[in-house]
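So you can see what is in the structure, the chains are spelled out below.
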Amino acid sequence: MAESNFVDYVKIYCRSGKGGRGSAHFRREKYIPKGGPDGGDGGRGGHIYLRGNRNYWTLLHLKYERHIMATNGGNGSAKRSSGKDGEDRVIEVPCGTVVYDAETGEFICDVTEDGQQVMLLKGGRGGLGNFNFKTSTNQAPRYAQPGEPAQERMVILQLKLLADVGLVGFPNAGKSTLLSVVSAAKPKIANYPFTTLEPNLGIVSYRDNRSFVMADIPGIIEGASEGKGLGLRFLRHIERNSLLLFMVPADADDIRKEYEILNNELVQYNPELLDKRRVLAITKSDMLDEELMEALEQELPEGIPHVFISSITGLGIVALKDLLWRELNQENFHEVERIVHKNIDVSGLAFDDDEDFVFPVDDEEDPDEEYEEYWDDEEDDTGR
Ligand SMILES: Nc1nc2c(ncn2[C@@H]2O[C@H](COP(=O)(O)OP(=O)(O)OP(=O)(O)O)[C@@H](O)[C@H]2O)c(=O)[nH]1
Ligand SMILES: [Mg+2]
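All of the points below concern the structure found in this document. (Residues numbered from 1 in each chain as written. Chains lettered and ligands numbered in written order. Predicted model: local features only at pLDDT ≥ 70, side-chain atom pairs only at ≥ 80, totals over all residues.)

Overview of the overall build of the protein
The following threshold applies: Secondary structure is summarised from DSSP: a helix means a run of H or I of at least four residues, a strand means a run of E of at least two, and numbering begins at the N terminus for each. Any residue whose C-beta has 12 or fewer other C-beta atoms within 10 Å is treated as exposed, any with 20 or more as buried, and any in between as partly exposed, C-beta atoms being built from the backbone. By the convention adopted here, residues make contact when the C-beta atoms placed from their backbones lie within 7 Å.
Scanning the protein from terminus to terminus reveals five helices and 14 strands. Here the protein holds 384 residues, and 40% of them are scored as buried. Within the protein, contacts between residues at least 6 apart in sequence are counted, and of these 74% link residues at least 24 apart.

Section: the site of ligand 1
This is how it is decided: Note on definitions: a residue is near a molecule or strand provided its C-beta atom, placed from the backbone, lies within 6 Å of it. The nonpolar class holds Ala, Val, Leu, Ile, Met, Phe, Trp, Tyr, Cys and Pro. Asp, Glu, Lys and Arg form the charged class, and all remaining residues, Gly among them, are polar.
Around ligand 1 sit 24 residues, and of these Gly174, Ser176, Asn191, Thr196 and Gly219 come closest. Broken down by element, the residue count for the shell around ligand 1 peaks at three residues, all from helix H1 (residues 175-182). Partitioning the shell around ligand 1 into residue classes produces nine nonpolar, 12 polar and three charged.

With respect to the pairing of strand E12 (residues 243-249)
Across a regular strand the side chains alternate sides, sitting on one face of the sheet and then on the other. Condition: Following DSSP output, two strands are said to pair if at least two bridges run between them. Handedness is read with the strands pointing away from the viewer; a crossover is right-handed when the path from the first strand over the helix to the second is clockwise.
For E12, the buried fraction is high: six of the seven residues fall into the buried class. Direction of pairing for strand E9 (residues 165-169) relative to E12: parallel, over a ladder of five bridges. Looking at E12, one finds that Val165 is bridged to Leu243. Examined bridge by bridge, E12 and strand E13 (residues 277-283) share seven bridges and lie parallel to one another. Counted as the bridge partner of Leu244 is Arg278 from E13. Traced from E12 through helix H3 (residues 255-269) to E13, the parallel crossover comes out right-handed.

Examining the sheet that holds strand E3 (residues 67-69)
Selection rule: In this analysis an axis means a line fitted to C-alpha atoms, helices contributing only their contacting stretch, and an angle means the value between N-to-C directions, from 0 to 180 degrees.
Strand order across the open sheet formed by five strands is E3-E1-E8-E5-E6, with mixed pairing between neighbours. This sheet does not close on itself; its edge strands, each paired only once, are E3 and strand E6 (107-111). Direction aside, the axes of adjacent strands within the sheet are offset by 30 degrees on average. The sheet contact formed by strand E5 (residues 97-101) and strand E8 (residues 152-159) spans five bridges and is antiparallel. Following the sheet pairing, Val99 is matched in E8 by Leu157.

A closer look at the sheet that holds strand E4 (residues 89-93)
One open sheet holds the three strands; their spatial order is E4-E2-E7, and the pairing between them is mixed. Each edge of the open sheet carries a strand with a single partner, namely E4 and strand E7 (117-121). On average, each strand axis in the sheet is inclined to that of its neighbour by 30 degrees, with strand direction left out of account. Sheet analysis places strand E2 (residues 48-52) next to E7, joined by four bridges and oriented antiparallel. Following the sheet pairing, Arg51 is matched in E7 by Gln117.

Regarding unusual backbone geometry
Unusually for a residue other than glycine, Arg80 sits at a positive phi of about 55 degrees. Looking at the element boundaries, Arg80 is found in the loop between E3 and E4. On the basis of neighbour counts, which here come to 18 C-beta atoms within 10 Å, the residue Arg80 falls in the partly exposed class. Residues other than glycine seldom take positive phi values, yet Phe194 does so here, at roughly 60 degrees. Note that Phe194 resides in the loop between H1 and strand E10 (200-206).

A look at the environment of Arg66
As for its position among the elements, Arg66 is in the loop between E2 and E3. Here the alpha-carbon distance between Arg66 and Val10, two residues 56 residues apart in the chain, equals 8.6 Å.

So, the pairing of E5
Here E5 lies mainly inside the structure; four of its five residues are buried. Direction of pairing for E5 relative to E6: antiparallel, over a ladder of four bridges. For Val98, the partnering residue across the bridge sits in E6 and is Asp110. Connecting E5 to the antiparallel partner E6 that follows it, the hairpin turn spans five residues, and Gly105 within it adopts a positive phi of roughly 80 degrees.

Here we look at H3
Worth spelling out the cut-off: Helix span, expected: 1.5 Å multiplied by one less than the number of residues in the helix. What the arc measures is the spread of directions leading from the helix axis to the C-beta atoms.
Here H3 is 15 residues long and its end C-alpha atoms lie 22 Å apart, about the 21 Å a rise of 1.5 Å per residue gives. Burial in H3 covers these residues: Ile255, Glu258, Tyr259, Leu262, Glu265 and Leu266. Buried residues of H3, seen end-on, are gathered within an arc of 125 degrees and therefore sit on one face of the element.

With respect to the environment of Asn263
Along the chain, the position of Asn263 falls in helix H3. Asn263 sits 95 residues away from Val168 along the chain, and the two C-alpha atoms are 9.0 Å apart.

Description of the nonpolar core
What counts here: By convention in this section, buried Ala, Val, Leu, Ile, Met, Phe, Trp, Tyr and Cys residues joined through C-beta atoms within 7 Å make up a nonpolar core. For the purposes of this description, domain bounds are those given by an automatic or database domain assignment.
Counting 65 residues, the largest nonpolar core has Leu157, Leu167, Val168, Met214, Leu245, Phe246 and Ala281 as the members making the most contacts within it. Sort the elements by how many residues they give to this core and E12 lands first, with six residues. Among the domains, domain 1 (1-159 + 354-384) and domain 2 (165-337) are the pair contributing at least three residues each to this core.

Here it is as structure tokens:
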């Protein structure tokens, strides 16, 4: 999907800044021949943060940003002057971004809210200058602390769309058509399977200026949870939806069976999806008459509220919105949104640019350099 704008995972190398070293300087002025230690502290290294930003819908802006590094803290110097703190880096991400360790697949953190800031890597603390080590028994400590090292990590950011309602259905069920009717989104619609290749989001306006977000994802087929069709790649976008709207066309051979296949694929993918609220829409109901609808009623799966709709004639669309709104506002509803992020299998993710990835080298200083004590002799003899 190299040419696609819908980027829902990226791999990035991140490094915080290391702490600046403390200074081991001694005060040297004209009439104070034996000034005490006055070496200042090193500055702290910059942190790496993630921040949720509702203006981003995908991770596209990070696709070509493969190294994100904060700067190092400055070294301390004479006259107790502290080194400058390194600059932090803030990675702006869409709400619903989950972060994993790229080597192990281990879940690290997630960002769900606009403005939410999470520290990903801590900058190294600055080392203390020698004036901190002055004691009654050691008036002239020649020792200053080195700064703490930087932290580095290769991470995978994965987007899981945060929609209120996720559309679940076989290809051609009429999912995109529904989204185009209830929101301003303009997804591609056509009479063949897999018209939708990447998720679309739309904002559905409801009475009294209220609204909710609906996500149209590519069609699911039997075996999707094992990677068939567009497979697994998009199933994760359903994980975070509060409510699942199953869509089965009126002309399906067996509505109940189709529903069960869909349900089964979701459960295979993540059993927690069973706990989500769900609604069933029988789409394309303009093909039915009253009598047929009554007959079909008997064949529908039990335990799930349903509505007959037609995006073409508008049949049942208001009733559907009412039903979705009611379900979305049920008490204790948000319980199920706290889905647990499992660690991921990183071997299953394709990154088109893995081979030419180079670890950046810090050319400012040798990272393995050990701190050494030193006398700073050529310091300012300005004679104030
Ligand atoms: N008669 C009738 N046809 C419909 C209705 N809704 C959608 N269709 C038709 O069904 C076909 C598939 O519609 P889409 O909305 O593209 O279906 P989809 O579920 O998004 O399909 P994929 O993106 O392939 O998964 C199109 O030819 C639509 O015109 C409806 O309410 N009534
Ligand atoms: Mg579609």
